[in-house]
Amino acid sequence: MTRRPYPIIPALLIALLLAGCVGRPEGIQPVTGFDKSRYLGTWYEIARLDHSFEEGLSRVTADYSLREDGGIAVINRGYSEEEGEWSVADGKAYFVEDEQTGYLKVSFFGPFYGAYVIFGLDKANYEYAFVSGPSRDYLWLLARSPQVSDQVRADFLERADRLGFNTGELIFVDHSPIP
C-alpha cells in the first residue's frame, strides 16, 4: 500500500488543493439540512472527471470519520492496476459555512484546502451524493455501494449536464474484485 502526500482519489477534492481554492463554481449550490453524522462512513466513487491524482485508479473509496477537533478525517483509497497496489491519501475536512450546509474545505497536505461541494444528496437514506470541487473540472458521484440504480445514474448525468459539467468526459469506476 502506498501512502501519498496528496489526494489520489475521490473524496474529491484534490483539485481543490492544487487550486488552493475553497470557492465553489458559480451556480452550484450546496445542499442544506445536511447531517454530518449520517455522511460519515464509506462511500464508493461511482463516476468522476479524471485528474492526474486519480489517473489509473479503480475501486476508489472515501472513508469519513470524526476528528477530535470537530472536523472530518478523510481516507481515500484506490487500486492501481499498473502498480498492482493500493494508493491511500489521508486528509481532513472542515465546514466552510455551517454544519447544516454541505460545503466543506478539504486538505491532504499542509495548509492548502480545496472546496468540496455536495450539491445533490439522497437526504432520506444518504445512499448517494453529487460532489463538485472549486470548478466544473471536478465532479464525482459517490454512493454507499459500488453500484447505483439506473435512475440515480440518469439523475446525476442530467443534473451535472444541466449545471455545465462535461459529462461526456466522465469515467465510471470499476469496482470488480481484484483478480
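Structure's up top.
All values reported here derive from a predicted model rather than from experimental measurement.

The rules behind these values
Residues numbered from 1 in each chain as written. Predicted model: local features only at pLDDT ≥ 70, side-chain atom pairs only at ≥ 80, totals over all residues. Heavy atoms only, no water. Core = buried A, V, L, I, M, F, W, Y, C linked by side-chain atoms within 4.5 Å. Buried < 20%, exposed > 50% of the residue type's maximum accessible area, 1.4 Å probe, protein only. Helix = DSSP H or I, 4+ residues; strand = E, 2+ residues; numbered from the N terminus. Contact = heavy atoms within 4.5 Å. Pairing = 2+ DSSP bridges. Polar contact = N/O pair within 3.5 Å; in protein donor to acceptor, adjacent residues only side chain to side chain. Expected span 1.5 Å × (residues − 1). Arc of directions from axis to C-beta. Phe/Tyr/Trp six-rings, centres within 6.5 Å; stacked < 30°, edge-to-face > 60°. Lys NZ or Arg CZ within 6 Å of the ring centre and 35° of its normal.

Some remarks on the nonpolar core
Ranked by internal contacts, the top residues of the largest apolar core, which has 24 residues, are Tyr39, Tyr64, Tyr116 and Ile118. Mapped onto this core, the elements with two or more residues apiece are β3 (57–66), β4 (72–80), β5 (85–95), β6 (103–109), β7 (112–121), β8 (128–132) and β9 (139–143). Residues in contact with Ile118, not counting those within four places in the same chain, are Gln29, Pro30, Val31, Phe34, Tyr39, Gly102, Leu104, Ala129, Phe130 and Val131. Among the nonpolar cores identified, the runner-up in size contains 18 residues, and Ile28, Tyr103, Ala143 and Ala160 belong to it.

With respect to the pairing of strand β2 (residues 41–49)
Where β2 and β3 come together, four bridges link them in antiparallel fashion. Looking across to β3, one finds that Trp43 is bridged to Ala62. In this sheet, β9 lies alongside β2 in antiparallel orientation, the contact comprising four bridges. The residue of β9 that forms the bridge with Arg48 is Trp140.

Considering the environment of Leu104
Within the secondary structure, Leu104 sits in strand β6. Leu104 gets classed as buried once you look at its relative accessible area, which sits at 4%. On a C-alpha basis, the gap between Leu104 and Tyr94 in space is 5.4 Å, while along the polypeptide they are 10 residues apart. Leaving out residues up to four positions away in the same chain, Leu104 has contacts with Ile72, Ala93, Tyr94, Phe95, Val96, Gly114, Ala115, Tyr116 and Ile118.

A few points about the side chain of Arg59
If you trace the backbone, Arg59 turns up in strand β3. Among the residues examined, Arg59 registers a relative accessible area of 7% and is labelled buried. A distance of 2.5 Å separates polar atoms of two side chains, one belonging to Arg59 and the other to Ser58. A polar side-chain atom of Arg59 sits 2.7 Å from a polar atom in the side chain of Glu81. Discounting chain neighbours no more than four positions away, the residues touching Arg59 are Arg77, Gly78, Tyr79, Glu81, Trp86, Val173, Asp174, His175, Ser176, Pro177, Ile178 and Pro179.

A short note on helix α3 (residues 150–162)
The α-helix winds at 3.6 residues per turn, so residues separated by three or four positions along the chain end up facing the same way. Taking 1.5 Å as the rise per residue, α3 with 13 residues should run 18 Å; its terminal C-alpha atoms sit 18 Å apart, in good agreement. Buried within α3 are the following residues: Val152, Phe156 and Ala160. Within α3, the buried residues cover an arc of 55° as seen down the axis, which keeps them to one side. Seen from the open side of α3, the exposed residues pointing more than 90 degrees away from its buried face are Asp150, Gln151 and Arg162. Buried residues belonging to α3 abut β2, β8, β9 and β10 (170–172).

Observations regarding the packing of aromatic side chains
Under the defined criterion, the tally for this structure stands at 15 aromatic pairs. Pairing Tyr39 with Tyr116 gives two aromatic rings, centres 6.5 Å apart and planes at 85°, and the pair type is edge-to-face. Of this pair, Tyr39 sits in helix α2 (residues 36–39) while Tyr116 sits in strand β7, and the two are 77 residues apart along the sequence. Take Tyr39: its relative accessible area is 4%, and that puts it in the buried class. Seen from their ring centres, Tyr128 and Phe130 are 5.6 Å apart, and the 25° between their planes marks the pair as stacked. Through pairs of rings, three or more aromatic residues link up here, namely Phe34, Tyr39, Trp43, Tyr64, Phe95, Tyr116 and Tyr126. In this structure, Lys105 is placed above the aromatic ring of Tyr113, and the distance from its NZ or CZ to the ring centre is 4.8 Å. Positioned above the aromatic ring of Phe172, the side-chain terminus of Arg153 is 3.7 Å from the ring centre.

A word on unusual backbone geometry
The phi angle at Arg59 is positive, at roughly 55°, despite the residue not being glycine. Here Tyr126, not a glycine, exhibits a phi torsion of approximately 55°, which is positive. Position of Tyr126 among the secondary structure elements: in the loop between β7 and β8. Judged by relative accessible area, which is 2%, Tyr126 ranks as buried.

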